[in-house]
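Architecture at a glance
Read off the chains here:
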Amino acid sequence: MGLASATGRPPRSVRSVRVFAPASVSNLGPGFDIFGLALERPGDEVVVRAAPGSGIVSLTVTGDGGRVPTDPLRNAAALAVQGVLDRLDSDAGVAIEVHKGIPLASGLGGSAASAVAGAVAADALLGGALDRTALLECALIGERKGSGADHADNAAPSLAGGFVLVLPGRPTRMVKLPTPPGMVVAVAHPALEVETLGARVILGDTIPLSAGIRQWGNAAGLVAAFFEGDWELIERCVRDAVAEPARAGLVPGFQPVRVAALEAGAVAAGLSGSGPSVFALCRGRLAAESAAAAMAEAFMLEAGVKSDIVISGANAAGARILETE
Ligand code: HSE
């Protein structure tokens, strides 16, 4: 099913479309570059308007403290919009506004959300012809520039919502997986930044076979656990044998923060994407609130930094059209 039919195809006379795309937690332990989960908030909003001329005629960004590039060739949302124009072979003129709600370098998929919102808005403005796979491909053109790597584990959940498996390679294929009833996600975003590109470079190109075996065993186990709603298996399988050990040093206080979440009642916890945010999977909202408070306290104690907290259902909606004019 195409996203346009899921979100409502706008009438032909539409001049402007505003889209919200949510933040996401990627990797979820063993799913480096293949698992991602949408959050209810925060999110980025992108407005794409018809404008005189051809191609992207203007680009403005708010909410970023002036740090996100406004050169369309370096901006995730603009690259995704251009991807839509190219795919539709359109020479329409468009003006783009990006409103950042997701903090930069937070490990919450900010550049992916901007790219997804841009792709969905541009497609809707031009009639909503693209299906979900095509929209994801367009968003990935922007995400590639943002993270310097080809991974869809933030863009896919931001587009489709919920917990998503993205298969590596082309053509892109995403599979939405069920989430256990009552699962609530807690996220602590400390006042720190980790650039994804650097956090990928330190991983190198090879892993020991023993780490591979642990990783694919846990990834397969986690998929089964989500289907079965098996909390014990979730607890056992949310472990990252590949990226987290190498990245833990990039996030001061990470290990004590993770332990604090578990001691406060979370079932599992780990780095969100490349960090510095830390996620915890919890049974119910009360447990998530306790885990979030414990993580924030531990970040303050261990690293001397404040944290923003997000509590979200595990089956949050993906990108959606907020307004058309
Ligand atoms: N899977 C990616 C990584 C997500 O861990 O590098 C980046 O947000």
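Preceding block: the structure.
What you are looking at is a predicted structure, and each value in this text was computed from that prediction instead of being measured. (Residues numbered from 1 in each chain as written. Predicted model: local features only at pLDDT ≥ 70, side-chain atom pairs only at ≥ 80, totals over all residues. Heavy atoms only, no water.)

1. Observations concerning the site of the ligand
- The ligand sits among S26, N27, F32, D33, H151, D153, N154, T196, R200, R247, G273 and S274.
- The separation between a nitrogen atom of the ligand and a polar side-chain atom of D33 is 2.6 Å.
- In the environment of the ligand, an oxygen atom lies 3.1 Å from a nitrogen or oxygen atom belonging to the side chain of N154.
- Residue assignment for the shell around the ligand shows that the elements contributing at least two residues are β1 (16–27), β2 (31–50) and α6 (196–201).
- Residues of the shell around the ligand, tallied by class, amount to one nonpolar, seven polar and four charged. (Near = heavy atom within 4 Å. Polar contact = N/O pair within 3.5 Å; in protein donor to acceptor, adjacent residues only side chain to side chain. Helix = DSSP H or I, 4+ residues; strand = E, 2+ residues; numbered from the N terminus. Nonpolar A, V, L, I, M, F, W, Y, C, P; charged D, E, K, R; others polar.)

2. Description of the pattern of salt bridges
- In this structure the tally under the stated criterion is seven salt bridges.
- As a salt-bridge pair, E193 and R67 come within 2.8 Å of each other at their nearest N and O atoms. Here the residue E193 occupies a position in the loop between β7 (183–190) and α6, and R67 occupies one in the loop between β3 (55–62) and α2 (76–87), the gap between them amounting to 126 residues.
- Given the relative accessible area of 47%, R67 is considered partly exposed.
- Of the charged contacts, one joins E137 and R170 as a salt bridge, the two residues approaching to 3.6 Å between their closest N and O atoms. One end of the pair, E137, is in helix α4 (residues 132–147); the other, R170, is in the loop between β5 (163–167) and β6 (173–177), with 33 residues separating them in the sequence.
- Judged by its relative accessible area of 14%, E137 falls in the buried class.
- By relative accessible area, R170 is classed as partly exposed at 47%. (Salt bridge = Lys/Arg side-chain N within 4 Å of Asp/Glu carboxyl O. Buried < 20%, exposed > 50% of the residue type's maximum accessible area, 1.4 Å probe, protein only.)

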